[in-house]
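# Per-entry structural report
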Amino acid sequence: NDVACAGGEPLFFLDYIACGKNIPEKIAEIVKGVAEGCKMAECSLVGGETAEHPGMMPDEEYDIAGFSVGVVDKKDLITGESIKPGDVLVGIGSSGIHSNGFSLIRKVFEMSEESLKKYYDELGETLGEALLTPTRIYVKALKALKNGGVKVKGCSHITGGGFFENIPRMLPDGANAKIDKNSYDIPPIFGLIQKTGSIEENMMYSTYNMGLGMVLALDPADADKAVELLKAAGEKAWIVGSVIAGEKGVTLC
(Lines give C-alpha, C1' and ligand atoms only; values in the text may rest on other atoms or scores of the structure.)
Protein backbone atom coordinates (compact mmCIF):
# COMPACT_ATOMS: atom_id res chain seq x y z
CA ASN A 1 0.00 0.00 0.00
CA ASP A 2 2.83 2.43 0.75
CA VAL A 3 4.42 1.72 -2.63
CA ALA A 4 1.07 2.28 -4.37
CA CYS A 5 0.56 5.46 -2.33
CA ALA A 6 3.72 6.91 -3.89
CA GLY A 7 2.43 6.12 -7.40
CA GLY A 8 4.48 2.96 -7.84
CA GLU A 9 3.81 -0.70 -8.49
CA PRO A 10 5.30 -3.30 -6.10
CA LEU A 11 7.65 -5.75 -7.76
CA PHE A 12 8.64 -8.13 -4.99
CA PHE A 13 8.38 -8.76 -1.25
CA LEU A 14 10.61 -10.43 1.33
CA ASP A 15 9.52 -11.52 4.79
CA TYR A 16 11.29 -12.16 8.09
CA ILE A 17 9.80 -14.28 10.88
CA ALA A 18 11.38 -14.47 14.33
CA CYS A 19 10.05 -17.10 16.73
CA GLY A 20 10.87 -18.77 20.02
CA LYS A 21 10.33 -22.19 18.53
CA ASN A 22 9.91 -23.10 14.87
CA ILE A 23 6.53 -24.81 14.74
CA PRO A 24 6.26 -25.73 11.04
CA GLU A 25 2.45 -25.63 10.90
CA LYS A 26 2.34 -22.13 12.39
CA ILE A 27 5.10 -20.79 10.11
CA ALA A 28 3.33 -22.29 7.10
CA GLU A 29 0.11 -20.45 8.02
CA ILE A 30 1.97 -17.15 8.36
CA VAL A 31 3.75 -17.52 5.01
CA LYS A 32 0.45 -18.54 3.39
CA GLY A 33 -1.03 -15.22 4.52
CA VAL A 34 1.97 -13.27 3.24
CA ALA A 35 1.70 -15.04 -0.12
CA GLU A 36 -2.00 -14.21 -0.36
CA GLY A 37 -1.20 -10.54 0.22
CA CYS A 38 1.42 -10.67 -2.52
CA LYS A 39 -1.15 -12.10 -4.93
CA MET A 40 -3.49 -9.21 -4.14
CA ALA A 41 -0.67 -6.75 -4.77
CA GLU A 42 0.43 -8.56 -7.93
CA CYS A 43 4.01 -8.82 -6.68
CA SER A 44 6.35 -11.75 -6.14
CA LEU A 45 7.32 -13.27 -2.80
CA VAL A 46 10.96 -13.93 -3.69
CA GLY A 47 12.36 -15.06 -0.36
CA GLY A 48 12.64 -14.50 3.35
CA GLU A 49 14.07 -15.85 6.58
CA THR A 50 12.74 -17.68 9.61
CA ALA A 51 14.91 -17.12 12.68
CA GLU A 52 14.51 -19.28 15.79
CA HIS A 53 15.42 -17.62 19.11
CA PRO A 54 15.09 -20.18 21.92
CA GLY A 55 15.71 -18.63 25.31
CA MET A 56 15.13 -15.11 23.97
CA MET A 57 11.51 -15.48 22.90
CA PRO A 58 8.79 -17.70 24.43
CA ASP A 59 8.02 -20.80 22.34
CA GLU A 60 4.55 -19.60 21.33
CA GLU A 61 5.53 -16.05 20.32
CA TYR A 62 6.60 -14.80 16.92
CA ASP A 63 7.38 -11.48 15.26
CA ILE A 64 6.96 -10.84 11.57
CA ALA A 65 8.34 -8.09 9.35
CA GLY A 66 8.82 -7.55 5.65
CA PHE A 67 9.59 -5.08 2.93
CA SER A 68 8.59 -4.45 -0.64
CA VAL A 69 10.44 -2.93 -3.59
CA GLY A 70 8.47 -1.14 -6.27
CA VAL A 71 9.03 0.93 -9.38
CA VAL A 72 7.62 4.21 -10.65
CA ASP A 73 8.48 6.64 -13.44
CA LYS A 74 9.49 10.01 -12.01
CA LYS A 75 6.64 11.72 -13.88
CA ASP A 76 4.13 9.41 -12.17
CA LEU A 77 5.29 10.02 -8.59
CA ILE A 78 2.47 11.14 -6.28
CA THR A 79 4.03 13.94 -4.22
CA GLY A 80 1.15 16.20 -3.18
CA GLU A 81 3.04 19.25 -4.42
CA SER A 82 0.23 20.37 -6.74
CA ILE A 83 -2.59 20.09 -4.17
CA LYS A 84 -4.42 23.37 -3.74
CA PRO A 85 -7.61 24.71 -2.10
CA GLY A 86 -10.67 23.54 -4.01
CA ASP A 87 -9.34 20.06 -4.71
CA VAL A 88 -11.64 17.19 -3.78
CA LEU A 89 -10.88 14.41 -1.30
CA VAL A 90 -11.96 10.87 -2.19
CA GLY A 91 -11.85 8.14 0.44
CA ILE A 92 -11.45 4.41 -0.27
CA GLY A 93 -13.16 2.12 2.23
CA SER A 94 -11.15 0.01 4.66
CA SER A 95 -11.97 -3.57 5.60
CA GLY A 96 -11.86 -2.73 9.31
CA ILE A 97 -9.04 -2.25 11.80
CA HIS A 98 -6.26 -3.14 9.32
CA SER A 99 -2.92 -3.36 11.18
CA ASN A 100 -3.01 -0.51 13.67
CA GLY A 101 -4.39 0.30 17.09
CA PHE A 102 -4.27 -3.20 18.59
CA SER A 103 -2.50 -2.02 21.75
CA LEU A 104 -5.59 0.04 22.55
CA ILE A 105 -7.90 -2.83 21.57
CA ARG A 106 -6.14 -5.13 24.05
CA LYS A 107 -6.91 -2.60 26.78
CA VAL A 108 -10.56 -2.21 25.73
CA PHE A 109 -11.43 -5.92 25.37
CA GLU A 110 -10.38 -8.88 27.45
CA MET A 111 -8.13 -11.04 25.29
CA SER A 112 -9.69 -14.36 26.28
CA GLU A 113 -11.21 -17.11 24.16
CA GLU A 114 -14.64 -16.32 25.60
CA SER A 115 -14.34 -12.62 24.76
CA LEU A 116 -13.02 -13.16 21.24
CA LYS A 117 -15.70 -15.74 20.42
CA LYS A 118 -18.53 -13.47 21.58
CA TYR A 119 -20.98 -12.70 18.78
CA TYR A 120 -22.10 -9.09 18.31
CA ASP A 121 -25.24 -8.33 16.33
CA GLU A 122 -23.84 -4.98 15.16
CA LEU A 123 -20.79 -6.73 13.75
CA GLY A 124 -22.61 -9.68 12.25
CA GLU A 125 -19.73 -11.87 13.47
CA THR A 126 -17.61 -12.55 16.53
CA LEU A 127 -15.21 -10.00 17.95
CA GLY A 128 -12.23 -12.17 16.99
CA GLU A 129 -13.41 -12.50 13.40
CA ALA A 130 -13.84 -8.72 13.11
CA LEU A 131 -10.40 -8.02 14.55
CA LEU A 132 -8.72 -10.53 12.24
CA THR A 133 -10.25 -9.18 9.02
CA PRO A 134 -7.25 -8.84 6.67
CA THR A 135 -5.92 -5.41 5.72
CA ARG A 136 -7.24 -4.30 2.35
CA ILE A 137 -4.58 -3.91 -0.33
CA TYR A 138 -5.16 -1.03 -2.76
CA VAL A 139 -2.58 -1.68 -5.49
CA LYS A 140 -5.14 -2.69 -8.12
CA ALA A 141 -7.44 0.20 -7.13
CA LEU A 142 -4.77 2.84 -7.71
CA LYS A 143 -3.69 1.10 -10.89
CA ALA A 144 -7.30 1.34 -12.12
CA LEU A 145 -7.23 5.11 -11.58
CA LYS A 146 -3.95 5.45 -13.46
CA ASN A 147 -5.17 3.30 -16.35
CA GLY A 148 -8.42 5.29 -16.39
CA GLY A 149 -6.57 8.55 -16.91
CA VAL A 150 -7.19 10.02 -13.44
CA LYS A 151 -4.31 12.07 -12.07
CA VAL A 152 -3.93 11.51 -8.32
CA LYS A 153 -2.44 14.70 -6.86
CA GLY A 154 -1.97 13.35 -3.36
CA CYS A 155 -2.46 10.03 -1.59
CA SER A 156 -2.53 9.24 2.12
CA HIS A 157 -2.42 5.66 3.40
CA ILE A 158 -4.29 5.76 6.73
CA THR A 159 -2.23 3.61 9.08
CA GLY A 160 -0.90 4.24 12.61
CA GLY A 161 -1.72 7.79 13.68
CA GLY A 162 -5.09 7.78 11.92
CA PHE A 163 -6.36 10.85 10.09
CA PHE A 164 -4.39 13.46 12.01
CA GLU A 165 -0.90 12.06 11.40
CA ASN A 166 -1.26 10.56 7.93
CA ILE A 167 -3.38 12.95 5.86
CA PRO A 168 -1.19 16.03 6.51
CA ARG A 169 1.79 14.17 5.02
CA MET A 170 0.39 14.62 1.53
CA LEU A 171 -0.54 18.28 1.99
CA PRO A 172 1.61 21.28 1.07
CA ASP A 173 1.84 24.23 3.45
CA GLY A 174 -1.29 26.36 3.49
CA ALA A 175 -3.63 23.46 2.69
CA ASN A 176 -6.09 21.89 5.13
CA ALA A 177 -8.09 18.69 4.56
CA LYS A 178 -11.73 19.27 5.54
CA ILE A 179 -13.49 15.91 5.93
CA ASP A 180 -17.19 15.27 6.46
CA LYS A 181 -17.48 12.41 8.99
CA ASN A 182 -20.99 11.60 7.73
CA SER A 183 -20.05 11.31 4.06
CA TYR A 184 -19.14 7.62 4.19
CA ASP A 185 -19.92 4.37 6.00
CA ILE A 186 -17.92 3.77 9.19
CA PRO A 187 -17.56 0.02 9.92
CA PRO A 188 -19.35 -0.96 13.15
CA ILE A 189 -16.18 -2.30 14.79
CA PHE A 190 -15.04 1.28 15.41
CA GLY A 191 -18.27 2.21 17.15
CA LEU A 192 -17.98 -0.88 19.34
CA ILE A 193 -14.41 0.00 20.33
CA GLN A 194 -15.34 3.61 21.11
CA LYS A 195 -18.42 2.65 23.13
CA THR A 196 -16.82 -0.20 25.08
CA GLY A 197 -13.70 1.76 25.93
CA SER A 198 -15.39 5.16 26.43
CA ILE A 199 -12.84 6.62 24.03
CA GLU A 200 -12.98 10.24 22.93
CA GLU A 201 -13.72 10.82 19.25
CA ASN A 202 -10.46 12.67 18.70
CA MET A 203 -8.52 9.66 20.01
CA MET A 204 -10.40 7.35 17.63
CA TYR A 205 -9.46 9.47 14.61
CA SER A 206 -5.89 9.74 15.93
CA THR A 207 -5.52 5.96 16.20
CA TYR A 208 -7.68 4.24 13.58
CA ASN A 209 -8.51 4.55 9.89
CA MET A 210 -12.19 4.94 10.88
CA GLY A 211 -13.32 3.25 7.68
CA LEU A 212 -11.02 4.93 5.15
CA GLY A 213 -7.91 3.00 4.16
CA MET A 214 -6.77 5.68 1.75
CA VAL A 215 -7.61 9.32 1.11
CA LEU A 216 -6.87 10.81 -2.31
CA ALA A 217 -6.64 14.45 -3.37
CA LEU A 218 -7.95 15.06 -6.90
CA ASP A 219 -8.86 17.84 -9.26
CA PRO A 220 -12.64 18.43 -8.89
CA ALA A 221 -13.15 17.47 -12.54
CA ASP A 222 -11.78 13.97 -11.84
CA ALA A 223 -13.62 13.19 -8.59
CA ASP A 224 -16.78 11.53 -9.93
CA LYS A 225 -14.82 9.51 -12.49
CA ALA A 226 -12.42 8.36 -9.79
CA VAL A 227 -15.26 7.12 -7.60
CA GLU A 228 -16.74 5.21 -10.56
CA LEU A 229 -13.39 3.63 -11.44
CA LEU A 230 -12.75 2.61 -7.83
CA LYS A 231 -16.19 1.03 -7.51
CA ALA A 232 -15.64 -0.82 -10.79
CA ALA A 233 -12.39 -2.15 -9.29
CA GLY A 234 -14.35 -3.59 -6.36
CA GLU A 235 -13.74 -0.84 -3.81
CA LYS A 236 -16.08 1.26 -1.71
CA ALA A 237 -15.39 4.92 -2.48
CA TRP A 238 -16.89 8.27 -1.57
CA ILE A 239 -16.26 11.98 -1.97
CA VAL A 240 -15.45 12.73 1.66
CA GLY A 241 -14.34 16.36 1.66
CA SER A 242 -12.20 19.03 0.10
CA VAL A 243 -8.99 20.94 0.48
CA ILE A 244 -9.35 24.40 1.98
CA ALA A 245 -6.89 27.21 2.66
CA GLY A 246 -5.51 27.13 6.19
CA GLU A 247 -2.93 25.59 8.47
CA LYS A 248 -1.68 22.23 7.22
CA GLY A 249 -3.75 19.59 8.98
CA VAL A 250 -7.19 17.98 9.16
CA THR A 251 -10.54 19.49 10.04
CA LEU A 252 -13.40 17.10 10.85
CA CYS A 253 -16.95 18.33 10.43
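Up top is the structure these notes are about.
Presented here is a report on the structure given in the accompanying data block.

Turning our attention to the environment of K21. Mapped onto the secondary structure, K21 falls in the loop between β1 (9–19) and α2 (24–41). Between the alpha carbons of K21 and D59 there is a distance of 4.7 Å; along the sequence they are 38 residues apart.

Considering all chains together, one arrives at 0 disulfides under this definition. Take C5: it sits in no disulfide, and the sulfur closest to it among the cysteines is that of C155, at 3.3 Å. This cysteine, C38, is not joined by any disulfide, and C43 carries the nearest cysteine sulfur, 4.0 Å off. You can call C38 buried: its relative accessible area is 4%.

The next thing to look at is the sheet that holds strand β4 (residues 88–93). In spatial order, the strands read β7-β9-β4-β10-β8-β11; together these 6 strands make up an open sheet with mixed pairing. At either margin of the open sheet sits one strand with a lone partner, and together these are β7 (152–157) and β11 (249–252). Neighbour-to-neighbour, the strand axes of the sheet open up by a mean angle of 30°, direction not taken into account. In this sheet, strand β10 (residues 237–245) lies alongside β4 in antiparallel orientation, the contact comprising 5 bridges. Of the residues in β10, the one forming a bridge with I92 is A237. Sheet strands touched by helix α10 (residues 223–232): β4, β9 (212–218) and β10. Its angle to β10, the strand with the most contacts, is close to 150°.

Here is what the cut-offs are and how they apply
Residues numbered from 1 in each chain as written. Predicted model: local features only at pLDDT ≥ 70, side-chain atom pairs only at ≥ 80, totals over all residues. Heavy atoms only, no water. Helix = DSSP H or I, 4+ residues; strand = E, 2+ residues; numbered from the N terminus. Disulfide = S-S within 2.5 Å. Buried < 20%, exposed > 50% of the residue type's maximum accessible area, 1.4 Å probe, protein only. Pairing = 2+ DSSP bridges. Axes fitted to C-alpha atoms, helices over the stretch in contact; angles between N-to-C directions. Contact = heavy atoms within 4.5 Å.

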